Amino acid sequence: MASQNLQSVPAELSPEEQERERAGQAYFDRIIAEDSRIEPRDWMPEAYRRTLLRQVSQHAHSEIIGMQPEANWITRAPSLKRKAILMAKVQDEAGHGLYLYSAAETLGQSRDKMMQDLIDGKARYSSIFNYPAVSWADMGAIGWLVDGAAICNQVPLCRASYGPYGRAMVRICKEESFHQRQGFEILLELSNGTPAQKQMAQDAVNRWYAPALMMFGPPDDDSPNSKQSMAWNIKRFSNDELRSRFVGMMVEQVRVLGLTLPDPEIRFNEETKKWEHGPLDWNEFKDVLAGKGPCNAQRMERRRQAHEDGAWVREAAAAYAAKQAEKEHAA
Ligand code: BYC
């Protein structure tokens with residue numbers, strides 16, 4: 001393990017500083033080998049810090065942008081009860097963003113800078129949120145498939161080697177379980193409704209299935225970050241491994257829903273003991289990552305607008321904090 005994490009000690013450092021670097025590296029290697037946790041004040045290799053900052057900030061951005069497709073349906077929810085549930089879910093996503101921005105800040109990046117990178121189009125967020133939510137059934141499919149994929153990906157992240165990230169994931173996963181159940185329940189009710197409602201549920205599952213599978217990231221042989229992230233105990237399983245587990249979970253649940261997955265090639269491979277699925281369109285995935293998905297421009301425009309609309313709140317909060325600090329100073 002030590003050799004995977006080793007960074008060369010810069011020669012321009014003083015002998016004392018070099019010694020501190022070596023001791024820090026040895027400590028870090030031991031913590032990773034013991035499968036324990038690195039905390040914000042611990043020494044960590046610069047590449048580990050950057051990898052985490054990349055993943056955690058992208059994750060935070062995904063939560064915030066992920067509010068948009070569902071928020072669009074709050075005013076159109078079919079009953080007061082559905083409206084209240086959907087509103088609670090969208091608020092949860094904002095909370096997830098806050099936990100994750102806080103975790104990312106412990107890596108030395110300000111929230112303002114992260115947010116600026118997002119609205120400048122320099123930072124990524126999950127591909128899934130660049131698809132439109134065109135019917136009420138999409139609220140069911142997002143909850144069931146998208147939050148389902150999120151749980152499958154994020155439960156192992158509760159054991160991520162970086163303490164603040166792992167701890168944030170524990171609460172997020174609990175809330176995601178509620179989200180998935182509410183999506184499942186929307187689909188179940190539609191599926192047991194009129195033929196038109198059942199068809200609406202099936203259409204939504206048909207549209208969200210492949211994008212949900214792509215949430216797990218590119219295939220393993222095209223995933224530049226996985227190997228190192230797994231060696232550092234950030235990721236615990238590869239993208240393909242998690243995708244295969246997810247397919248297995250969905251195969252069982254879709255039967256209860258009385259719907260089908262739009263993939264005739266799904267099968268359990270008895271030799272590898274893994275679920276396999278049909279081919280995915282990775283060119284479409286690349287296009288979405290390059291900003292050419294169906295809703296990329298709309299999502300970014302909405303995010304920029306929301307940031308501008310919120311400027312007065314940030315200014316008021318900063319003025320209040322300054323006043324409080326002044327009072328404390330005077331006392
Ligand atoms: N979308 O080497 P790889 C939610 C990028 S929120 C966009 O495999 P890694 C929810 C990847 O960043 C769901 N980009 O990367 C919220 C890398 O590019 P860079 C969000 C993707 O990091 C509201 C490149 O492709 N979940 O559930 O080892 C409402 C190569 O990939 C995607 C998380 O963020 C993608 N799908 O693995 C409802 C979970 N996939 O950065 C629900 C935490 C890959 O080198 N993140 N890329 O330029 C992770 O687990 C990992 O970062 C990933 C990717 C599995 C996503």
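The model shown is predicted, which means the values in this text are computed figures rather than measured ones.

A. Region of interest: the overall build of the protein chain. Helix and strand counts for the protein chain come out as 14 helices and two strands. The C-alpha atoms of the protein chain give 22 Å as radius of gyration, which agrees with the globular expectation for 331 residues (20 Å, within 12%). With the C-alpha coordinates of the protein chain rotated into their principal frame, the extents come out at 75 × 60 × 35 Å. When the 331 residues of the protein chain are sorted by exposure, 47% land in the buried category. Put simply, of all contacts in the protein chain between residues at least 6 apart along the chain, 75% involve residues at least 24 apart. When the accessible surface of the protein chain is summed, it comes to about 17,000 Å², and 55% of that surface belongs to carbon and sulfur atoms. Across the protein chain, the 42 positively charged side chains and the 46 negatively charged ones have centroids separated by 3 Å.

B. Spotlight on the packing of helix 8 (residues 163-191) against helix 11 (residues 239-257). Look at helix 8 against helix 11: their axes get within 9 Å of each other, and the N-to-C directions meet at 40°. In this view, helix 8 runs oblique relative to helix 11, as classed from their interaxial angle. Where helix 8 abuts helix 11, its residues Q180, F184, L187, L188 and S191 lie against M250, Q253, V256 and L257. Grouping the constituent residues of the contact of helix 8 with helix 11 by class yields six nonpolar, three polar and no charged.

C. Looking closely at the packing of helix 5 (residues 80-105) against helix 8. Packing of helix 5 against helix 8 brings their axes to within 10 Å, and their N-to-C directions diverge by 160°. The angle between the axes of helix 5 and helix 8 places the two elements in the roughly antiparallel class. Both helix 5 and helix 8 take part in a crossing whose hand is left-handed. For the contact of helix 5 with helix 8, the per-class residue count stands at 11 nonpolar, three polar and nine charged.

D. Just the state of the cysteines, in detail. What the rule picks out here adds up to zero disulfides. You can see C152 has no disulfide; the closest cysteine sulfur is in C173, sitting 10 Å from it. Cysteine C158 remains unbridged, with the sulfur of C173 as its closest cysteine sulfur at 3.9 Å. With a relative accessible area of 18%, C158 lands in the buried category.

E. Quick peek at the pattern of salt bridges. According to the stated counting rule, one finds 22 salt bridges in the structure shown. Two residues, R267 and E276, come together in a salt bridge whose shortest N-O distance is 3.0 Å. A relative accessible area of 44% places R267 in the partly exposed class. Note that D287 and K292 form a salt bridge whose closest N and O atoms lie 4.0 Å from each other. Assessed through its relative accessible area of 36%, D287 is described here as partly exposed.

F. Representation of the nonpolar core within the structure. Core analysis: the biggest nonpolar cluster contains 78 residues, and Y48, W144, Y165, W208, F246 and L261 have the highest contact counts within it. When residues of this core are assigned to their parent elements, the largest contribution, nine residues, is made by helix 7 (residues 137-154). If sequence neighbours within four positions are ignored, Y48 has contacts with F28, I38, S161, Y162, W232 and I234.

G. Here's a closer look at the site of the ligand. Of all residues adjacent to the ligand, which total 35 residues, the nearest are Q58, S127, S223, K235 and N239. Between S127 and the ligand, the recorded distance is 2.8 Å, taken from a backbone N or O atom to a nitrogen atom. In this structure, S223 approaches the ligand through a side-chain N or O atom, which is 2.7 Å from an oxygen atom. Mapped onto the shell around the ligand, the elements with two or more residues apiece are helix 3 (46-65), helix 5, helix 7 and helix 12 (282-289). No other element matches helix 3, which puts six residues into the shell around the ligand.

H. Fine view of the side chain of H61. Turning to its location among the elements, H61 is positioned in helix 3. A distance of 2.7 Å separates polar atoms of two side chains, one belonging to H61 and the other to Y101. What H61 contacts, discounting residues up to four positions off in sequence, is Y101, M114, M115, L118, A123, R124 and Y125.

I. A look at the environment of V254. Structurally, V254 is set in helix 11. The class of V254 is buried, set by a relative accessible area of 7%.

About the thresholds
Residues numbered from 1 in each chain as written. Predicted model: local features only at pLDDT ≥ 70, side-chain atom pairs only at ≥ 80, totals over all residues. Heavy atoms only, no water. Helix = DSSP H or I, 4+ residues; strand = E, 2+ residues; numbered from the N terminus. Rg over C-alpha atoms; globule rule 2.2 N^0.38 Å. Buried < 20%, exposed > 50% of the residue type's maximum accessible area, 1.4 Å probe, protein only. Contact = heavy atoms within 4.5 Å. Areas by Shrake-Rupley, 256 points an atom, 1.4 Å probe, with all protein chains shown as cover. Lys, Arg positive; Asp, Glu negative; His and termini not counted. Charge placed at Lys NZ, Arg CZ, Asp CG, Glu CD. Axes fitted to C-alpha atoms, helices over the stretch in contact; angles between N-to-C directions. Parallel < 35°, antiparallel > 145°, perpendicular 65-115°, else oblique. Nonpolar A, V, L, I, M, F, W, Y, C, P; charged D, E, K, R; others polar. Left-handed = near helix turned anticlockwise from the far one by under 90°. Disulfide = S-S within 2.5 Å. Salt bridge = Lys/Arg side-chain N within 4 Å of Asp/Glu carboxyl O. Core = buried A, V, L, I, M, F, W, Y, C linked by side-chain atoms within 4.5 Å. Near = heavy atom within 4 Å. Polar contact = N/O pair within 3.5 Å; in protein donor to acceptor, adjacent residues only side chain to side chain.

Function-wise, these values are silent; they only describe arrangement.
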